[in-house]
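These are the residues of each chain, in order.
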Amino acid sequence: MGVQIVLGHLVRAGWRPDDYGSVSYLVDPDFFDWQSTKLENATSAYASLVAAQERGLPCAIILTWENTQIGGSFIVMPSKDEIILSPIINPVLRSDHPLIIDFEWYLSRLIVALSCAGMSGLEIFDFAG
């Protein structure tokens, strides 16, 4: 599945390309030069992601859940069947251990969308605390 199909499923599930009022995305193979554009330019950001993937490069976009501003960077790997999530934007922490990210919160909002998109893998890294 391509990045545009995956993003379509994620957006329909409730994830938004809203990074505090902008669309933040990465098409730099060194994962350094994040770009930002206005929300109304999301289509051009998606086109840049698709172009990067067509060149065999990983690409990334910041997505947040509905209107919560909880989210992270979603890295779509060139294999097109794996996503890496780094929950760096207002991460949800476990109530029983406030230094550990609540992975269930993220998984419950991702599993259906990613399985519908044909994804076979998801990695989440805990950088909290």
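Just above, that's the structure.
Residues numbered from 1 in each chain as written. Predicted model: local features only at pLDDT ≥ 70, side-chain atom pairs only at ≥ 80, totals over all residues. Heavy atoms only, no water.

A. Highlighting helix α1 (residues 3–13). If you check which residues of α1 are buried, you get V3, V6, L7, H9 and L10. Relative to the axis of α1, the buried residues are bounded by an arc of 160° and lie together on one face. Away from the buried face of α1 by more than 90 degrees, exposed residues Q4 and R12 are located. Along its buried surface, α1 packs onto β1 (15–16), α2 (42–54), β4 (59–65), β5 (71–76), β6 (82–89) and α3 (103–116). (Buried < 20%, exposed > 50% of the residue type's maximum accessible area, 1.4 Å probe, protein only. Helix = DSSP H or I, 4+ residues; strand = E, 2+ residues; numbered from the N terminus. Arc of directions from axis to C-beta. Contact = heavy atoms within 4.5 Å.)

B. Geometry of unusual backbone geometry. Positive phi values are uncommon outside glycine, yet Y20 reaches one of about 55°. Within the secondary structure, Y20 sits in the loop between β1 and β2 (22–26). For Y20, a relative accessible area of 53% translates into the label exposed. With a phi angle near 45°, N90 is a residue other than glycine that sits in the positive phi range. On the secondary structure map, N90 appears in the loop between β6 and α3. Judged by its relative accessible area of 39%, N90 is partly exposed.

C. Main features of the pairing of β6. In terms of burial, β6 is largely enclosed, as 6 of its 8 residues are buried. Inspection of the sheet shows β5 paired to β6 by 5 bridges, in the antiparallel sense. When the bridges of β6 are listed, S73 appears paired with S86. (Pairing = 2+ DSSP bridges.)

D. Just α3, in detail. Counted at 1.5 Å a residue, the expected span for α3 with its 14 residues is 20 Å, and the 20 Å between its end C-alpha atoms agrees. A maximum bend of about 40° is found in α3 at L110. If you check which residues of α3 are buried, you get W105, Y106, L110, A113 and L114. Trailing α3 by a residue or two, G118 shows a phi angle of about 85°, which is positive. (Expected span 1.5 Å × (residues − 1). Bend = angle between axes of the 7 residues up to and from the residue.)

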